[in-house]
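Summary of structural features
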Amino acid sequence: MLDRALLRDPDGQARLRDALARRGEDPAVVDQLVELDRERRALIREVDELRTRRNQVSREIAGLKASGKHEEAEQRIAESQELGERLKSLEARRRELEEAFEKAWLLIPNIPHETVPVGPDETANVVVRTWGEPTTFDFEPRPHWELGELLGILDFDSARNMSGSRFVTYRGLGARLERALIQFFLDVHTREHGYTEIFPPILVREEALVASGHLPKFREEMYHMPADDLYLIPTAEASLANLHRDQILDEQQLPLHYTAYTPCFRREAGAYGKDVRGMIRVHQFNKVELFKFTLPEQSYEELERMLQHAETILQRLGIPYRVVALSTGDLGFAAAKTYDIEAWAPGQKRWLEVSSVSNTEAFQARRARTRVRRADGTVEYVHTLNGSGLATPRTFIALLENFQQPDGSVIIPDVLRPYMDGLERLTPEAKPTRS
RNA sequence: GGAGGGGUGGCCGAGUGGUCGAAGGCGGCGGCUUGCUAAGCCGUAGCCCUGGGGAAACCGGGGCCGAGGGUUCGAAUCCCUCCCCCUCCGCCA
């Protein structure tokens, strides 16, 4: 959510129109919002004036009653009654306007940072840097779904049976490798990057998702549990953004760095027919998230650091990747600036997004009412940042596809071996043990 | 799931319809005073919305006693719904 003060002067309105245009959205809504806000404030003023009078009369009544002047009191009561009736209808109208404004305002996306490349969609994204060389093979590399089945570590059939398409069962050393990845990520971020580990609730209320920016905009993406009116989180970001909701933090507390492993749940409602093979796009996946609360003036340097923290993981694993700055047309709803990290998947000869690192500036903080009290006593919104560090399925994919051998076996990266009892290689012969 | 008890300012806590600025204490901040690991005295105070052409300062109005409605001339105080916490019972990983 943006500062509504933007609507009150021509400069702010122009910024807003420009922001929407850069994102490829219709700037015309700004005029409606300006008008709605004007009406809203006019009504607030009217209601407040009436209340001022009623408060005055009310005080007089109390005084008159206390001094036994009942007849005069009766007169004032009649007056107050009349004020009350007028107030009632005005207040109802005011509520309607507030709600209408709020509803529309919650759907306005963040303003892209000035450094974000302008363009209509992902084709305008800019590759910032590439790390490593795309892996080459002297044989035709297999895609991960073939490797997974061959190694007996990914079982798409059983997942389809129990849950439908876009689910996956990890089995044997596959399940072990998944767990190793999660633990490796968390260990690096907590031990070396200074993040505090969190394991948050995975079912959250609507208001939590409004605060994180996922609702009301992305309702179709969300799994909802009607019996208790709770939602499965689409990312740990949704939970972590609520860690300090309705709080005023002390300046010295910032920045706060959190990391959390959680499963994530997405309906992928708009992705019919896209990435259906394998586990590139699944309804349930694991992710280790990074999240920061920072002072406004520090958020962009913290964004670069967070990006480095995520890149570190791929470097340690030895997986080639590139960093992409998203263009205005590809930017997420809540983000002011986003870098994606894309790992090379040679089995499919494509780049796969394994991490998305964003600065939402005050967009989430305003929704969550997370503020900071400066040394001089002033209060303002903090900035929040989020990033994947990393999402496992696609990292798992990149690992299999990059380190595969002609016989279908896969070399396990050094850094993961301690988590795999020293195992160096997954081999097709390694049949899963019955449990 | 059943029964009961609660949610008041950073914290503790009083307050059951009227003089509004929510008692008091702790803690915070400012000041004064006394030199003795600190005490005493005085003062001050939050957040949100909104107005005074914009910004800062400043000044004003409204709102905030878990949330939202309602009753009433007037609600922290009465009623309803929801949320949260606690205790006991039941069930359960």
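Residues numbered from 1 in each chain as written. Chains lettered and ligands numbered in written order. Predicted model: local features only at pLDDT ≥ 70, side-chain atom pairs only at ≥ 80, totals over all residues. Heavy atoms only, no water.

Some details on the pairing of strand S13 (residues 350-361)
- In terms of strand pairing, strand S12 (residues 337-345) meets S13 through nine bridges, oriented antiparallel. Bridged to tyrosine 339 within S13 is valine 357.
- Taken together, S12 and the strand that follows it, S13, pair antiparallel across an intervening segment of four residues, in which lysine 349 is found at a positive phi of about 50 degrees. (Pairing = 2+ DSSP bridges. Helix = DSSP H or I, 4+ residues; strand = E, 2+ residues; numbered from the N terminus.)

Topic: the packing of helix H4 (residues 144-151) against helix H11 (residues 392-402)
- It is the contact of H4 with H11, at a shortest axis distance of 9 Å, that shows an interaxial angle of 80 degrees. Classified by the angle between their axes, H4 and H11 sit roughly perpendicular to one another. Here His144, Leu147, Gly148 and Leu151 of H4 lie close against H11, whose contacting residues are Ile397, Leu400 and Glu401.
- In terms of residue class, the contact of H4 with H11 is made up of four nonpolar, two polar and one charged. (Axes fitted to C-alpha atoms, helices over the stretch in contact; angles between N-to-C directions. Parallel < 35°, antiparallel > 145°, perpendicular 65-115°, else oblique. Contact = heavy atoms within 4.5 Å. Nonpolar A, V, L, I, M, F, W, Y, C, P; charged D, E, K, R; others polar.)

Remarks on the domain arrangement of chain A
- The domain architecture assigned to chain A consists of domain 1 (4-105) and domain 2 (122-434).
- On a C-alpha basis, the centres of domain 1 and domain 2 stand 44 Å from each other. (Domains from an automatic or database assignment.)

A closer look at the pattern of salt bridges
- Counted under the stated rule, the structure contains 38 salt bridges.
- Here arginine 93 makes a salt bridge to glutamate 39, at a shortest N to O gap of 3.7 Å. In this pair, arginine 93 sits in helix H3 (residues 70-105) while glutamate 39 sits in helix H2 (residues 29-66), placing the two residues 54 residues apart along the sequence.
- A residue is classified by how much of its surface remains accessible, and arginine 93, at 38% relative accessible area, is partly exposed.
- Measuring nitrogen to oxygen at the nearest pair gives 3.2 Å for the salt bridge that ties glutamate 268 to arginine 281. Of this pair, glutamate 268 sits in the loop between strand S9 (256-265) and strand S10 (284-294) while arginine 281 sits in the loop between S9 and S10; the two residues are 13 residues apart in sequence, bridging distant segments of the chain.
- The class for arginine 281 is buried, based on a relative accessible area of 17%.
- Sharing partners across several salt bridges, the network here consists of Arg8, Asp37, Arg40, Arg41, Asp48, Arg94 and Glu98. (Salt bridge = Lys/Arg side-chain N within 4 Å of Asp/Glu carboxyl O. Buried < 20%, exposed > 50% of the residue type's maximum accessible area, 1.4 Å probe, protein only.)

Some points on the protein's contact with RNA strand B
- The local shell around RNA strand B holds 25 residues, among which Arg8, Thr52, Arg59, Ser80 and Arg205 are the closest.
- In RNA strand B, atoms within 4 Å of the protein come 84% from sugar and phosphate.
- Separating a phosphate oxygen of RNA strand B from a side-chain N or O atom of glutamine 81 is a distance of 3.4 Å.
- Here a sugar or linking oxygen of RNA strand B sits 2.5 Å away from a polar atom, N or O, in the side chain of arginine 205.
- Of all elements in the fold, only H2, H3 and strand S14 (371-373) reach the threshold of two or more residues within the surface near RNA strand B.
- Taken together, the residues of the surface near RNA strand B sort by class into six nonpolar, five polar and 14 charged. (Near = heavy atom within 4 Å. Polar contact = N/O pair within 3.5 Å; in protein donor to acceptor, adjacent residues only side chain to side chain.)

Quick word on the confidence of the model for chain A
- Summing up the model confidence of chain A, the mean pLDDT is 92 and the portion of residues at 70 or higher is 98%.
- Confidence metrics for the complex model read pTM 0.93 and ipTM 0.86. (pLDDT = per-residue confidence, 0-100.)

Regarding the nonpolar core
- Counting 58 residues, the largest nonpolar core has Leu154, Met279, Phe396 and Leu400 as its most contacted members.
- Broken down by element, the residue count for this core peaks at eight residues, all from helix H6 (residues 173-192).
- Among all residues touching phenylalanine 396, those that are not within four sequence positions of it are Ile153, Leu154, Tyr170, Gly174, Leu177, Glu178, Leu181 and Met279.
- Grouped together as the second largest cluster of nonpolar side chains are 28 residues, Leu2, Val30, Val57 and Leu97 included. (Core = buried A, V, L, I, M, F, W, Y, C linked by side-chain atoms within 4.5 Å.)

Topic: the sheet that holds strand S1 (residues 126-131)
- Ordered in space as S1-S11-S12-S13-S16-S10-S9-S4, the eight strands form an open sheet in which the pairing is mixed. Because the sheet does not close on itself, it has two edges, and the strands there are S1 and strand S4 (196-198). Neighbouring strand axes in the sheet, compared pairwise and without regard to direction, differ in orientation by 25 degrees on average.
- Of the pairings in the sheet, the one linking S4 to S9 comprises three bridges and is parallel in character. Its bridge partner being in S9, isoleucine 198 is matched across the sheet by alanine 260.
- Contacts between H6 and the sheet are confined to S4, S9, S10 and strand S16 (383-391), with S10 contributing the most and set at about 10 degrees to the helix.
- Set on the sheet, H11 makes contact with S10, S12, S13 and S16; between it and S16 the angle comes to about 40 degrees.

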